[in-house]
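Given next are the chains, with one letter for each unit.
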Amino acid sequence: MSDLDLDELRSELDDFAQPEKRAGRSPREERIIAGFEEIQRFVNGHDHAPQHGEERDIFERLYAVRLDRLRALEECRSLLAPLDHQGLLAGAETGAALPKEEMDEDELLAELEGAAGTSDITELRHVRASAEKRAAEEIANREPCPDFERFKPLFAQVQGDLDSGVRTTRPFVKDAGFLKADITEGQFFILGGQTAYVAEVGDTLKAPNGEFDARLRVIYSNGTESNLLRRSLQRALYKDEAGRRITEPAAGPLFAGESNDDDLASGTIYVLRSKSDHPLVAADRGILHKIGVTGGNVARRIANVKLDPTFLMADVEIVATYELFNINRTKLENLIHRVFDPARLDIEITDRFGNPVIPREWFLVPRFVVDEAVERIKDGTITEYTYDPQTARLVRADRPYSKVGA
């Protein structure tokens, strides 16, 4: 042990000593310091200053409001500067804040009331911003969905449909008459950044104002659910600038009276058979078909395809073609592939550079079923069917995709 006298020992321990409490602080100053220390603990735990924004946790948004006010008041900055080891007071405003009430010094102290002497950040008092109240109500009205696993595949399918263009999103607009009151079971929406699914619609109720309403069970893609009135969901969608309605699959014209940018005056559904000697192809050559849609000449489309892994790196022969008029080619092809998806061929092909490729347009479907599918495309009923590989026929889908042209 080193020969330290008392003065040297005191000097060695200075770095570990707790700072002395500054005498003579008023209760007002203690509350300001306690409120600032809560913000500092948040920063230590999250590695960033609290931010505004609807997507943020309610307590983070509360701290963001508090920090803005502390920065704005000279008295608070002077008091807290010696404690500000994280440089919070010198930072810019904590992001684009939602409109909030102005807060003078007394109001700030009221907001900080209760902070001194407690570390329980859930003990909120005087939360003034209406945005915080709305967030609290939303949190309170949602709870974990106990059977979310049953709905999880629906959300995955909807996302896949959006990615492929089978579905699109449209603004939920007040002036659109059919949108105004018609929220029905099975519809999907985007609300607050989450996909929302209307799983159940209860019995019709008569509101005090004489209008009719119904209680909904709404499942959200984050695994929560809420039990709210239809008109409450409508209002939430109206108010959310990013609120959207997700269309039914293949909504929008397959055959239209008016052309859009992605419409064609005519198109051709083609069915091809591969000449590949791959064992999987050879084993089922009679029922293995590539089904697609083109706006050009099919013969030109298949020229030199033996260098294309999409065509299994082999020549093909044309089995059938079907001419259609005024179609949306992309939507039609996506719809056809969706109908025959249960019979999609699972195969991996190596391209001429040695890279693995998984072709997605080959299906184990007999020719006569393709003929039937085309007839159902023409009469608009194809969206009610899917292909059953066990019986090798089209069967009614459990849940129709949509009406053609809807």
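K.L.:
Teacher, can you tell me more about the side chain of Glu 333 here?
P.N.:
Mapped onto the fold, Glu 333 is located in helix 12 (residues 329–339). Of the side chains with opposite charge, Lys 290 comes closest to the buried, unpaired Glu 333, at an N-O distance of 6.6 Å.

K.L.:
How do you make sense of the sheet that holds strand 1 (residues 142–144) when you look at a structure like this?
P.N.:
Strand pairing in a sheet is mediated by backbone hydrogen bonds. Such pairs are either parallel or antiparallel. The seven strands lie next to each other as 1-6-5-4-3-7-2, forming an open sheet whose pairing is antiparallel. Either end of the sheet is taken by a strand with one partner, and the two such strands are strand 1 and strand 2 (169–171). Between one strand axis and the next, the sheet turns through 35° on average, direction left out of account. Judged from the four bridges that link them, strand 3 (residues 188–191) and strand 4 (residues 194–206) form a sheet pairing that is antiparallel. Each residue of the ladder has a partner; that of Phe 188, found in strand 4, is Tyr 197. Sitting on the sheet, helix 7 (residues 148–164) is in contact with strand 2, strand 3, strand 4, strand 5 (212–220) and strand 7 (244–246), with an inclination near 85° to strand 5.

K.L.:
Honestly, the nonpolar core in this entry has me stumped. Any pointers?
P.N.:
Within the largest apolar cluster, 25 residues are counted, with the highest numbers of intra-cluster contacts made by Ile 269, Leu 332, Ile 336, Phe 340, Val 365 and Leu 394. Among the secondary structure elements, those contributing two or more residues to this core are strand 8 (263–274), strand 9 (288–294), strand 10 (316–328), helix 12, helix 13 (367–379) and strand 14 (385–388). Top contributing element to this core by residue count: helix 13, with five residues. Apart from the residues lying within four places of it in its own chain, the contact partners of Val 365 are Ile 287, His 289, Phe 340, Ala 343, Val 370 and Tyr 387.

K.L.:
I would appreciate a short explanation of the pairing of strand 15 (residues 393–396) in the present structure.
P.N.:
Note on strand geometry: in a regular strand, side chains alternate between the two faces of the sheet. With four bridges joining them, strand 14 and strand 15 adopt antiparallel strand pairing. When the bridges of strand 15 are listed, Thr 386 appears paired with Val 395. Between strand 14 and strand 15, which pair antiparallel in sequence order, lie four residues; one of them, Ala 392, sits at a positive phi of approximately 55°.

K.L.:
For this particular structure, what's the right way to read the pattern of salt bridges?
P.N.:
Taken as a whole and judged by the stated rule, the model has 14 salt bridges. Asp 68 is paired through a salt bridge with Arg 71; the nearest N and O atoms lie 3.8 Å apart. Here Arg 71 and Asp 68 lie together in helix 3 (residues 58–72), a separation of three residues that amounts to about one turn. Judged by relative accessible area, Arg 71 falls into the buried class, the value being 11%. One salt bridge in this structure joins Glu 361 and Lys 290, with 2.5 Å as the shortest N-O distance. Of this pair, Glu 361 sits in the loop between strand 12 (356–357) and strand 13 (362–364) while Lys 290 is found in strand 9, placing the two residues 71 residues apart along the sequence. Considered together, Glu 361 and Lys 290 belong to a single accessibility category, that of buried residues.

K.L.:
In this structure, what is going on with the packing of aromatic side chains? I would like to understand it.
P.N.:
Using the criterion set out here, one finds seven aromatic pairs in the structure. Ring centres 6.0 Å apart and planes at 55° place the aromatic pair Phe 151 and Tyr 197 in the tilted group. With Phe 151 in helix 7 and Tyr 197 in strand 4, this residue pair connects regions lying 46 residues apart in the sequence. Comparing Phe 151 with Tyr 197, the two get one shared label, buried. For the ring pair Phe 155 and Phe 188, a centre distance of 6.1 Å and an interplane angle of 80° mean the geometry is edge-to-face. Remark: Phe 188 occurs in strand 3 and Phe 155 occurs in helix 7; sequence separation between them is 33 residues. For Phe 155, a relative accessible area of 10% puts it in the buried group. Aromatic rings pair up to connect Phe 148, Phe 151, Phe 155, Phe 188 and Tyr 197 into one cluster. The residue whose ring lies beneath Lys 290 is Phe 311, and the NZ or CZ to ring-centre distance is 4.7 Å. Between the NZ or CZ atom of Arg 376 and the centre of the ring of Tyr 385, over which it lies, the distance is 4.1 Å.

K.L.:
Honestly, helix 13 in this entry has me stumped. Any pointers?
P.N.:
Helix length check: helix 13, at 13 residues, gives a terminal C-alpha distance of 19 Å against a target of 18 Å (1.5 Å per residue), a fit within 8%. Taken together, the buried positions of helix 13 are occupied by Val 369, Val 370, Ala 373, Val 374 and Ile 377. The buried residues of helix 13 occupy an angular sector of 145° when projected down its axis, which confines them to one face. Where helix 13 terminates, the next one or two residues include Gly 380, which has phi positive at roughly 85°.

K.L.:
Can you help me understand the packing of helix 2 (residues 27–46) against helix 3 in this one?
P.N.:
With their axes 10 Å apart at the nearest point, helix 2 and helix 3 run at an angle of 130° to one another. As summarised for this structure, helix 2 and helix 3 are arranged oblique, according to the angle between their axes. Judged by the twist between their axes, the crossing of helix 2 over helix 3 is left-handed. Between helix 2 and helix 3, the contacting residues are Ile 32, Gly 35, Phe 36, Glu 38, Ile 39 and Phe 42 on the first element and Glu 60, Tyr 63, Arg 66, Leu 67 and Leu 70 on the second. Its residues placed into classes, the contact of helix 2 with helix 3 shows seven nonpolar, one polar and three charged.

K.L.:
How should I be thinking about the environment of Gly 165 in this particular structure?
P.N.:
Within the element layout of this structure, Gly 165 appears in the loop between helix 7 and strand 2. Between the C-alpha atom of Gly 165 and that of Asn 334, which follows or precedes it by 169 residues, the distance is 7.6 Å. Gly 165 has contacts with Lys 331 and Asn 334, leaving out every residue within four places of it along the chain.

K.L.:
Looking at this structure, how should I read unusual backbone geometry?
P.N.:
Most peptide bonds are trans, and most residues other than glycine sit at a negative phi. Of note, the phi angle at Asp 47 is positive, near 65°, even though the residue is not glycine. If you trace the backbone, Asp 47 turns up in the loop between helix 2 and helix 3. Overall, Asp 47 belongs to the exposed group, its relative accessible area being 71%. Positive phi, close to 55°, is recorded for Met 313, a residue that is not glycine.

About the criteria used
- Residues numbered from 1 in each chain as written.
- Predicted model: local features only at pLDDT ≥ 70, side-chain atom pairs only at ≥ 80, totals over all residues.
- Heavy atoms only, no water.
- Helix = DSSP H or I, 4+ residues; strand = E, 2+ residues; numbered from the N terminus.
- Buried < 20%, exposed > 50% of the residue type's maximum accessible area, 1.4 Å probe, protein only.
- Lys, Arg positive; Asp, Glu negative; His and termini not counted.
- Salt bridge = Lys/Arg side-chain N within 4 Å of Asp/Glu carboxyl O.
- Pairing = 2+ DSSP bridges.
- Axes fitted to C-alpha atoms, helices over the stretch in contact; angles between N-to-C directions.
- Contact = heavy atoms within 4.5 Å.
- Core = buried A, V, L, I, M, F, W, Y, C linked by side-chain atoms within 4.5 Å.
- Phe/Tyr/Trp six-rings, centres within 6.5 Å; stacked < 30°, edge-to-face > 60°.
- Lys NZ or Arg CZ within 6 Å of the ring centre and 35° of its normal.
- Expected span 1.5 Å × (residues − 1).
- Arc of directions from axis to C-beta.
- Parallel < 35°, antiparallel > 145°, perpendicular 65-115°, else oblique.
- Left-handed = near helix turned anticlockwise from the far one by under 90°.
- Nonpolar A, V, L, I, M, F, W, Y, C, P; charged D, E, K, R; others polar.

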